[in-house]
Structures are given as structure tokens and as C-alpha cells.
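Summary of structural features
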Amino acid sequence: DIVTATETSQTCSWGDYDNDGYPDLFVGNDASTGNALYHNTGNGTFTRITTGAIVTDQANSTGSGWADFDSDGDLDLLVANLNNNALYINQGDGSFIRASGAMAGQIGSIITDGGNSYGMAWADYDLNGTLDVAIANSGENNFLYKNNGSGNGWLTIRLHGTASSRDGTGARVEILSTINGASVRQYRQISSQTGSGGESPNLAYFGLGDGNLVSQIRISWPSGVVWDTTTVEGNQLLDIWENAPDPVYTRITEGAIGTDQGNSYGANWADYDNDGDLDLFVTNYETSGAPNFLYRNNGDGSFTSVTDVPPVNSLYYSYCSTWGDYDSDGDLDLVIGTSYNSSNDALAQNDGEGNFSYATMNYISNLRTTTNGLAWGDADNDGFLDLFFANYAQPDVLLRNIGGSSFEWLSIADLNTAYTYSTSVRWVDYDADGKLDIFITNGNESSWTNFLWRNISTADSIKFSKITSGVLVNEGGYSRAQGWGDYDNDGDLDLYVANAGADSTKSKNFLYRNDGDGSFTKITTGRIVTDADESYGVAWGDIDSD
């Protein structure tokens, strides 16, 4: 009945009086009824407590506030009334006793002074670690009571927000300590609320009983930051600053990579000089100036622009690239695909010293295609990388690597003989049979579907079978790029397809979950597939390392 009770309520205060980690609620009513105490059950519901002086006393209650005034490790309650104020002492077992006049010698006149009280607020105004209290009265002197302490240990925590509010409002503060031989976990929510007509400092006050050591502190900030520490001495005011998380990414604006400008279409990381760090090659669709960019990693977070090698200074209309050790000599070679019919594609052979020269072997040096995608893959598992060219408005090209010294043009029905509008290609063993299959995206119009070719090669010949059933190959969407990754960690590769739409219109992307039996299920809910935009690239990665 926390929201259906009909009493005339005048004050309320939240506090976890039983240390179960959930805030309970006290509601103070006028003199016609008793007050209300609601125990938080932890499942979104509350149970009204119906026994004990804390709910059976009848007074005109106008203010209230929880605090561990005796520092014994559990919250007590002070209620401001329009007669004698009431202090309810927590017995540590979920029950309370009201401090009576007979206890005045121990607790003080706070329980006998009367007062036409409307509001009250707890605070440690003299910084001795115990909670003092101010009570506001109407038509008479106000009251200030200094807490002389009980001899118990204590800890006060003051928060300093950065991403969250300055004083940490809304943060959850938890401590774990040992009191009377038992492990006790206490929690406070940072809030200045103290019933009606009162405001306490946004500090977390904890009593430690007979202990003086906190074994754990956890701060859960509204920003999502969680801060932990262990083994903290008691009897101190502890300041804690919110360490807001650094941005996941910081844009690098210095150095060649951040300052070079070109009509760039592709980027490709690889350790081309075998020094243990990743270098970067960027293709530019240029007709003059620096055709492409190559940046050598210096190993200290900086890069050096390499300008005197063939992939950089002599190939125009470059659109895509792929690194691969086609000749198995221990270093990475580079194929560059051009997207203009008057420019040849090129294979830059690495000599192992970071120098390149263009290979003049058959097909590679005189291949002139509008290449939108390139991919190395060992189609026949002979240990040498074969090469696939995904071409636009032309048949695709599959070249078989003959021992690392030459290439053979393969003609496979439909795979690389039909006129296509291919935009990307990826070798992937989607059916986990040990053979690399091929997926190709098409991007001319929505009626063009994407292609999946299953590798059925034998030791004697390279063969592929076109998959014609299933959602993966029976829909299109001006597809531009693809990314394979096991996003659900079930051991097989799932597929994300980036779509761009026609004439700068926006299109939704596709996500296909691999069912593990050679089929896929299209995911249709979530922003990853409902957002519409012009997407030209995609890559999976664990950016938060979870």
C-alpha cells in the first residue's frame, strides 16, 4: 500500500535500515494515525511494517531523517514532531526501540526537549566523525545538538564528480567491514533529502561499530563509472574523485597520417617491414599528386611517410588493396586494384627490406579492370595464396597461384564469367568444412542479390558451387561492404552487410546469424539493422575489451 495508503502524510525518508542493499521508506503522518515504515523486498515491492513504536506511535510528524547516530553500523531514525521529537534506535535485527526519558542521561535532552518542530537535518558540523543534528522549530528557539560520540569507529566519504554531478548526487556508495565479528555491508545513496523541511550534506556517513577498518569500498556513479578500492582505515573523511572514463577513441591530429589529404578510398594495415608493428597503406583515387600513402610505424606511436616506393609514387586511380605473401618468401606483398579502365592493377613485390618492385608475371601486370574489392585466399589448400578481383560492370577474376611464381586465370561458370556489379569480396569458411568459400556483395540496384559460392574443390581442381537458396543470397540493397565475425560467440561466423542506397538515398544494413548448419537467419530488430544511412564500410572489433 505504499501508493494506496490514505493517511495525511507530511514527511518521508529513504534509508536501508536492515543493510540488505535496498532502500526502505519511512512516511510520517499527522496525529490521527501512526507513521508508516515500508520494507523494500528487493523485487520491486514493499512490505508495510505494522509492529513496533516506530509505526504505532501517534504524533504530528513533520520531519524525519535516517542516520547512524551511534556509529554501530545500522541506521537509526529521528522524527521531528509538533510536540516531543522521537529517536528510534535500530537494534540490528530489523526492530527499533524509542529512546525514552529514562535514557536521557545516556543520549541527552534531544528526546525530552519537546519543540514545535517542523524540520531537521543531520550533519557532522565539528568534523569529529559523529552526526550532529539541527531541528527547526516554529514560534520558539531552534535546537542544535552536538554528538559527543560513542567510541565506535566511523568513516565519512565525500564525492567529487566529473562526468557526474559535482557532489555525486545519485551515486551509490557501499562499504564492507567487520562489526562484532560479523561481515557487514552498508550502502548509502548520495542525496540531500532529509524528510520535509530539512537538507543534509551530500556526504556518506558510516558507523563501523567496534571496528576501524573497511575492507572494501565501491562507488557506482550515475555516469556508469564504477570505482573500487580495498583496505581503508576508518575514522577519517575520505575524498573520492570520479575517474571519468577516457574516450574510447582520440583523434590523432599530428603527424603524416592525420595531416595528409587525398581522395582516399581504402586503408590496409600490415607489418610490411617485419619489425613487429603495423604499418598502414592508403589508396587514393587520384589523377595527379601523390597517388597513394604508405606509413611506416616507428614503434613509438608515430609514423614516417614513405614516398620513394612504387606503390606510392606511380599508380593512379587506386581504389583498394590487399596484403599477402603470395611467393611464400616471408614478407608481405601488395596488390592494388584500380577503378578506372585506363589503369592496370598491380602487384608490388616486397624484397624483404621494405622495398618494392612491380611484378611482371602474366595477368597481374596487364590486368585492367574496374576493381572494387580484392582478397587473397588459398582456394585449393596448396599453401599458396590465390587472388580474387571483385569488379564493377565486368566479370570478376579468380587467379590461381602456381607455386608462387605465376598465376593461372580460372574460368568457372557464373563465378567469374558473368557480368556483375561486385563491390566487395571475402574468403570465409562459413560452413566450417576446411575450405574457403567466397561471398560477394553487389551494388548496382536493389534487384541485384549478393552471391555466396561454396568451395567444393578437390586436390585436382578448383571448383565452386553457387548457393541459390536462403536469405543470404536472395536479397540485395545496393550492398557496398561486408564484415564476418562471430558476434554471438557460438563458434561460427556471422555476417553484416553494409548498404548505401541509390543516388545518395539511405538504406538499412543486413545482419545474418549463422545457424551452424550452412544456413543463416536474418536479424530484423535492433538499431544495427533498422538505422538507415549510406554505409560503405564495416568491421567487427571488441572496442570495449569485454
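Throughout this document, residue positions are counted from 1 along each chain, in the order its sequence is written. Per-residue local features of the predicted model are confined to residues with pLDDT of at least 70, and side-chain atom pairs are confined, for both listing and counting, to 80 or more; whole-chain, interface and lining totals are unaffected and use all residues. Calculation of side-chain values draws on the structure's entire complement of heavy atoms; hydrogens and water are dropped beforehand.

Where the parts come together, the accessible area they lose is often given as the size of the interface. For the domain bounds, the source is a domain assignment made automatically or taken from a database. In terms of domains, the protein chain is made up of domain 1 (2–145), domain 2 (153–190 + 208–241), domain 3 (250–368) and domain 4 (370–545). Relative placement of domain 3 and domain 4: their C-alpha centres are 23 Å apart. Buried area is understood as the total, over both parts, of accessible area removed when two parts are fitted together, assessed with a 1.4 Å probe. When the two sides are added together, the surface that domain 3 and domain 4 hide from each other amounts to roughly 1800 Å², 65% of it contributed by carbon and sulfur. Contact with domain 4 buries surface across domain 3, with Y326, Y363 and L367 losing the most and accounting together for 28% of the total. Counted as a polar contact is a pair of N or O atoms within 3.5 Å, where, for protein atoms, one must be capable of donating a hydrogen and the other of accepting one, and residues adjacent in sequence contribute only when both atoms are in side chains. Seen at the junction of domain 3 and domain 4, the total is 4 residue pairs in polar contact (both at pLDDT 80 or more). In this description a helix means any DSSP run of H or I spanning at least four residues, a strand means any run of E spanning at least two, and both kinds are numbered starting from the N terminus. Only β23 (318–324) and β24 (333–338) provide two or more residues apiece to the side of domain 3 that touches domain 4. The element best represented in the side of domain 3 that touches domain 4 is β23, accounting for 6 residues. When residue character is reported, Ala, Val, Leu, Ile, Met, Phe, Trp, Tyr, Cys and Pro are called nonpolar, Asp, Glu, Lys and Arg charged, and the others, Gly included, polar. Looking at the side of domain 3 that touches domain 4, its residues break down into 11 nonpolar, 9 polar and 4 charged.

Burial classification: accessible surface area is computed with a 1.4 Å probe over protein chains only, and a residue below 20% of its type maximum counts as buried, one above 50% as exposed, and the rest as partly exposed. Taking burial as the measure, the 5 residues of strand β38 (residues 510–514) include 4 buried ones, the bulk of the element. At least two DSSP bridges between two strands are required for those strands to pair. Relative to β38, strand β36 (residues 494–499) runs antiparallel, the two sharing 3 bridges. Following the sheet pairing, V497 is matched in β38 by F510.

Another aspect to go through is the environment of E408. With respect to the helices and strands, the residue E408 is situated in strand β30 (residues 406–410). Residues E408 and T250, spaced 158 residues apart in sequence, show a C-alpha to C-alpha distance of 45 Å. Excluding residues that lie within four positions of it along the chain, E408 makes contacts with Y363, L398, L399, R400 and I402. The criterion used for residue contact is that any of the two residues' heavy atoms lie within 4.5 Å.

On to the layout of surface pockets. Cavity: a set of points on a 1 Å grid over the protein atoms alone where a 1.4 Å probe fits but cannot get out. Pocket: an open set with protein on both sides within 12 Å along at least five of seven lines, its lining residues, like those of a cavity, having an atom within 4 Å of a point. Grid points are joined across faces, edges and corners, and a volume is the space filled by probe spheres set on the points. When its volume is computed, the largest pocket comes out at roughly 1200 Å³. The wall of the largest pocket is formed by 34 residues, among which S321, L374, S424, V425 and Q482 lie closest to the centre. Those elements that place two or more of their residues in the lining of the largest pocket are β19 (264–270), β23, β27 (371–377), β31 (420–428) and β35 (479–485). Counting the residues that make up the lining of the largest pocket, at least three belong to each of domain 3 (250–368) and domain 4 (370–545). Size it by volume and the second largest pocket reaches roughly 490 Å³. Along the wall of the second largest pocket there are 25 residues; nearest its centre are W14, W66, R188, Q189 and S191. Looking at the lining of the second largest pocket, the elements that each hand over two or more residues are β1 (9–15), β5 (61–67), β14 (182–189) and β15 (203–209). Its residues assigned to classes, the lining of the second largest pocket comprises 13 nonpolar, 9 polar and 3 charged. In terms of domain composition, the lining of the second largest pocket takes at least three residues from each of domain 1 (2–145) and domain 2 (153–190 + 208–241).

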